[in-house]
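Examination of the molecular architecture
Below are the chains, spelled out letter by letter.
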Amino acid sequence: MSRYFWLRDDTVATARYSGDFDASHKWGLPGLKDCPGCGATWGGAGHNYPAVDLSLIPEHGEFEEPRPEPFLEFTRLQALVRPIAPPNSKLTPGTRFGPLVGTGSGQFGPFTWLGHSLLIIRRDTLDSLQAAGVRGLLGTRTEIRFRQKTPPDILELQIEPRGLLHRDCLPPDVVPPCTTCGRQGLSRPDDPILDKSSLPTDTDLFRVGNFATVIIGTDRFKDAVEQGGWEGIQFRELPVR
């Protein structure tokens, strides 16, 4: 049976590199304003699909400015994206698409983090991990502009939400997800437990479906990173139930 690890920024290792960037995804679904089911105005984080190219749809300009929209307008825009999004993707409010656009500078390590849930990888690191048999890695181009003569060859990993947190690590009085918009008001548990029955068997890197800012790697991913000497990730093993 596979073992599973929560991936976080190894700040000591990443601090040794000067690489930095300021960027955001080219397109995104709006937030949801005043859900008719639960009344919330919200937009999630961690649902990023950099490989999905919204220029393929005529209405792509409607996805360029972040904003909240009423339910009917949100669902109209959601329906426009669904045919080109990955199968079974939830497309929650705030889901982001397309390449990172912005500016960058410096020398990048094997892995670079933006916040806690967006992971940039050097191309040589990605090639090494794929050669080691790590499954499900999708590196996508960025549109980050660099002033230096030799810009770094970096990619964003598209890491899709697949598994779930187990009910045992959630508060006993947690409210079920809204049946209209799917929102569930959760704080990340200090000690996450993964739901064994929900975990994918065809990829070594994924997000937790009901808490998409939590990135999970299998022991195959961890071993390949460590054997390659690639710095930038802390691994914390999580229980499975």
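Further up the page is the structure itself.
The present account deals with the structure reproduced in this document. (Residues numbered from 1 in each chain as written. Predicted model: local features only at pLDDT ≥ 70, side-chain atom pairs only at ≥ 80, totals over all residues. Heavy atoms only, no water.)

When helices and strands are tallied, the chain shows 4 helices and 15 strands. Computed over the C-alpha atoms, the radius of gyration of the chain is 18 Å, within 12% of the 18 Å expected from 2.2 N^0.38 for a compact globule of 241 residues. C-alpha atoms of the chain, sized along the principal axes, occupy 50 × 45 × 30 Å. Here the chain, with 241 residues, has 48% of them falling under the buried criterion. Carbon and sulfur atoms make up 48% of the accessible area of the chain, which totals about 12000 Å². Averaging the positions of the 27 positive and the 30 negative side-chain charges in the chain gives two centres separated by 1 Å. (Helix = DSSP H or I, 4+ residues; strand = E, 2+ residues; numbered from the N terminus. Rg over C-alpha atoms; globule rule 2.2 N^0.38 Å. Buried < 20%, exposed > 50% of the residue type's maximum accessible area, 1.4 Å probe, protein only. Areas by Shrake-Rupley, 256 points an atom, 1.4 Å probe, with all protein chains shown as cover. Lys, Arg positive; Asp, Glu negative; His and termini not counted. Charge placed at Lys NZ, Arg CZ, Asp CG, Glu CD.)

Pairing in this open sheet of 4 strands is antiparallel, and the strands run E7-E8-E11-E9 from one edge to the other. Sheet topology places strand E7 (111–114) and strand E9 (139–140) at the edges, where each strand pairs with a single neighbour. Here E7 runs beside strand E8 (residues 118–122); their pairing, made up of 4 bridges, is antiparallel. The residue of E8 that forms the bridge with Trp 113 is Leu 119. Here helix H3 (residues 123–131) sits on the sheet and contacts E7, E8, E9 and strand E11 (154–157); the angle it forms with E8, its principal contact strand, is near 90°. (Pairing = 2+ DSSP bridges. Contact = heavy atoms within 4.5 Å. Axes fitted to C-alpha atoms, helices over the stretch in contact; angles between N-to-C directions.)

Attention now goes to the packing of aromatic side chains. As enumerated under the stated definition, the model contains 6 aromatic pairs in all. Ring geometry for Tyr 4 versus Phe 206: centroids 6.2 Å apart, planes at 70°, classification edge-to-face. Note that Tyr 4 is positioned in strand E1 (residues 4–9) and Phe 206 in strand E13 (residues 205–208), a separation of 202 residues in sequence. A relative accessible area of 9% places Tyr 4 in the buried class. Judged by centre distance (5.8 Å) and plane angle (85°), the ring pair of Phe 108 and Phe 146 falls under edge-to-face. Within this pair, whereas Phe 108 is found in the loop between strand E6 (96–105) and E7, its partner Phe 146 is found in strand E10 (residues 143–146), the two being separated by 38 residues in sequence. Residue Phe 108 shares its accessibility class with Phe 146, and that shared class is buried. An aromatic cluster is present here, built from Phe 5, Phe 221 and Phe 235 joined pairwise through their rings. The ring centre of Trp 6 lies 4.1 Å from the NZ or CZ of Arg 8, which sits over that ring. Seen from the ring of Phe 5, Lys 222 lies directly overhead, with NZ or CZ sitting 5.2 Å from the centre. (Phe/Tyr/Trp six-rings, centres within 6.5 Å; stacked < 30°, edge-to-face > 60°. Lys NZ or Arg CZ within 6 Å of the ring centre and 35° of its normal.)

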